[in-house]
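Each chain is listed here by its residues.
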Amino acid sequence: MKIVFMGTPAFAVPSLRAMVEAGHEVAGVFTQPDKKQGRHMTLVAPPVKEYALTQDIPVYQPDTLKDGAALCLLQDLAPELIVVVAYGKLLPVDILGLPVFGCVNVHASLLPRLRGAAPIQWAVIRGEEKTGVTTMHMARGLDTGDMIYKEETPIGPRETAGELHDRLMELGAALLIKTVADIAAGTAPRTPQDDAEATYAPMLSRDIAHINWSLPARAVVNFIRGMSPWPAALAGQREPYLKIFEAVPVACPQTGQPGTVFAADGGFGVFCGGGEAVLVTKIQAHGGRPMPAEDYVRGHRLEGEML
């Protein structure tokens, strides 16, 4: 099948690779423009672009899909199907209706749960015990199209969003192979979503990254897991903040005000809400690298401080 692929981050690369290795004709790849990153603001290409160039696939990086230029380009490419995986832009109606087989999307949740930009992270933050990937026929609206297939997987009790991301991107690629084959064969199902069951996963940012220590210990741990590795859960009363990457619930040796640090083997403890506590085991100080918390406290006295 002749396909145009739209995607940007590392999550989308296995899906693009799957289309190439399955023998589909990938006529072009649409991805976000290169962005400046790092201390020296070096221009960096999206991972999808990097892979596409290794396969000699034409790459297009429009700033917008709304000015008509992208539509004209797609009309020239004449795809039978558009595959979208974490592209980062909403497709206008005229593009959605262009390919004969429509547009399909790989979404990293069990729709209609966790529609939106950050389903992997919010599944962890909210303490979900399972998640998965869904392929769907795209329609107007945010992740509202008819579902095709779902693949479910449990979320480990200590699994971070980063670890879950790496599992789901491979799961999504495998499900996409089956989805596209069945679309070509005319056997792909369409299951409407129940909007009454929908939940949402808004975009993450540093603005919401500060840990609320008044929550129960398990909720604090889930937040830290869901924010790891980016944007990372933040702790501290003032800048520079500590980044907290790992913590586990721990028996509380005494009562204390939420956010207060106490000494504990294997790192440092922090009192939480409801008379509970967590043991912080991995942190990153400003300007440093991630490190075991027990190494950090050897050179920094935190006991009694408020985070």
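Residues numbered from 1 in each chain as written. Predicted model: local features only at pLDDT ≥ 70, side-chain atom pairs only at ≥ 80, totals over all residues. Heavy atoms only, no water.

Draft legend 1. Representation of the packing of helix α1 (residues 13-21) against helix α2 (residues 47-54). As a packed pair, α1 and α2 sit with axes 9 Å apart at the nearest point and diverge in direction by 25°. The pairing of α1 with α2 is recorded here as roughly parallel in orientation. The handedness of the crossing between α1 and α2 comes out as right-handed. Residue-level contacts link V13, L16, R17 and V20 of α1 to P47, V48, Y51 and A52 of α2. Here the residues of the contact of α1 with α2 sort into 7 nonpolar, no polar and 1 charged. (Axes fitted to C-alpha atoms, helices over the stretch in contact; angles between N-to-C directions. Helix = DSSP H or I, 4+ residues; strand = E, 2+ residues; numbered from the N terminus. Parallel < 35°, antiparallel > 145°, perpendicular 65-115°, else oblique. Left-handed = near helix turned anticlockwise from the far one by under 90°. Contact = heavy atoms within 4.5 Å. Nonpolar A, V, L, I, M, F, W, Y, C, P; charged D, E, K, R; others polar.)

Draft legend 2. Layout of the packing of aromatic side chains. Enumeration over the complete set of coordinates arrives at 2 aromatic pairs. When the centroid spacing of 5.3 Å and the interplanar angle of 40° are considered together, the rings of F30 and Y60 count as tilted. One end of the pair, F30, is in strand β2 (residues 25-30); the other, Y60, is in strand β5 (residues 59-60), and 30 residues separate them in sequence. For the pair F262 and F271, a centre-to-centre distance of 4.5 Å together with 40° between the ring planes defines the contact as tilted. A cation over an aromatic ring shows up here: R17 above the ring of Y51, its NZ or CZ 5.2 Å from the ring centre. Over the aromatic face of Y149 sits the side chain of K178, whose NZ or CZ is 4.6 Å from the ring centroid. (Phe/Tyr/Trp six-rings, centres within 6.5 Å; stacked < 30°, edge-to-face > 60°. Lys NZ or Arg CZ within 6 Å of the ring centre and 35° of its normal.)

Draft legend 3. Inspection of the layout of surface pockets at higher detail. Size it by volume and the largest pocket reaches roughly 1,500 Å³. Of all the secondary-structure elements, those providing two or more residues to the lining of the largest pocket are β3 (35-37), α4 (93-96), β7 (103-107), α5 (119-125) and α6 (161-185). Of the residues belonging to the lining of the largest pocket, the class tally is 31 nonpolar, 14 polar and 4 charged. (1 Å grid on protein atoms, 1.4 Å probe; cavity = no way out; pocket = protein on both sides within 12 Å on 5 of 7 lines; lining within 4 Å. Points joined across faces, edges and corners; volume = space filled by probe spheres on them.)

Draft legend 4. Examining the packing of α1 against α6 more closely. Across the interface, α1 lies against α6 with an axial gap of 8 Å and an inter-helix angle of 35°. The way α1 lies across α6 gives a crossing that is right-handed. Seen from α1, the contacting residues are P14, S15, A18 and M19; seen from α6, they are M169, E170, G172, A173, L176, I177 and V180.

Draft legend 5. How the structure looks around the pattern of salt bridges. Under the defined criterion, the tally for this structure stands at 8 salt bridges. The salt bridge involving R113 is made with E128; its shortest N-O contact spans 2.4 Å. Here R113 is found in the loop between β7 and α5, whereas its partner E128 is found in the loop between α5 and β8 (130-137), with 15 residues between them in sequence. Residue classification places R113 among the partly exposed positions, given a relative accessible area of 36%. When the shortest N-O distance is used, the salt bridge between D195 and R115 registers 2.8 Å. Placement of D195 in the loop between α6 and α7 (217-226) and of R115 in the loop between β7 and α5 is noted, with a sequence separation of 80 residues between them. A relative accessible area of 53% places D195 in the exposed class. (Salt bridge = Lys/Arg side-chain N within 4 Å of Asp/Glu carboxyl O. Buried < 20%, exposed > 50% of the residue type's maximum accessible area, 1.4 Å probe, protein only.)

Draft legend 6. Quick peek at α2. Those residues of α2 that sit buried are V48, K49, Y51 and A52. Within α2, the buried residues cover an arc of 165° as seen down the axis, which keeps them to one side. Summarising the contacts, the buried residues of α2 are in contact with β1 (2-7), α1, β2 and β5. Two residues or fewer after α2 comes D56, characterised by a positive phi angle close to 55°. (Arc of directions from axis to C-beta.)

Draft legend 7. Looking closely at α6. With 25 residues, α6 should cover 36 Å at 1.5 Å per step; its first-to-last C-alpha distance of 35 Å lies within 8% of that length. The first or second residue beyond α6 is G186, which carries a positive phi of 80°. (Expected span 1.5 Å × (residues − 1).)

Draft legend 8. The arrangement of the environment of D295 in detail. On the secondary structure map, D295 appears in helix α8 (residues 293-299). A relative accessible area of 33% means that D295 is categorised as partly exposed. Taking the C-alpha atoms as reference points, D295 and I283, 12 residues apart in sequence, are found 9.7 Å from one another.

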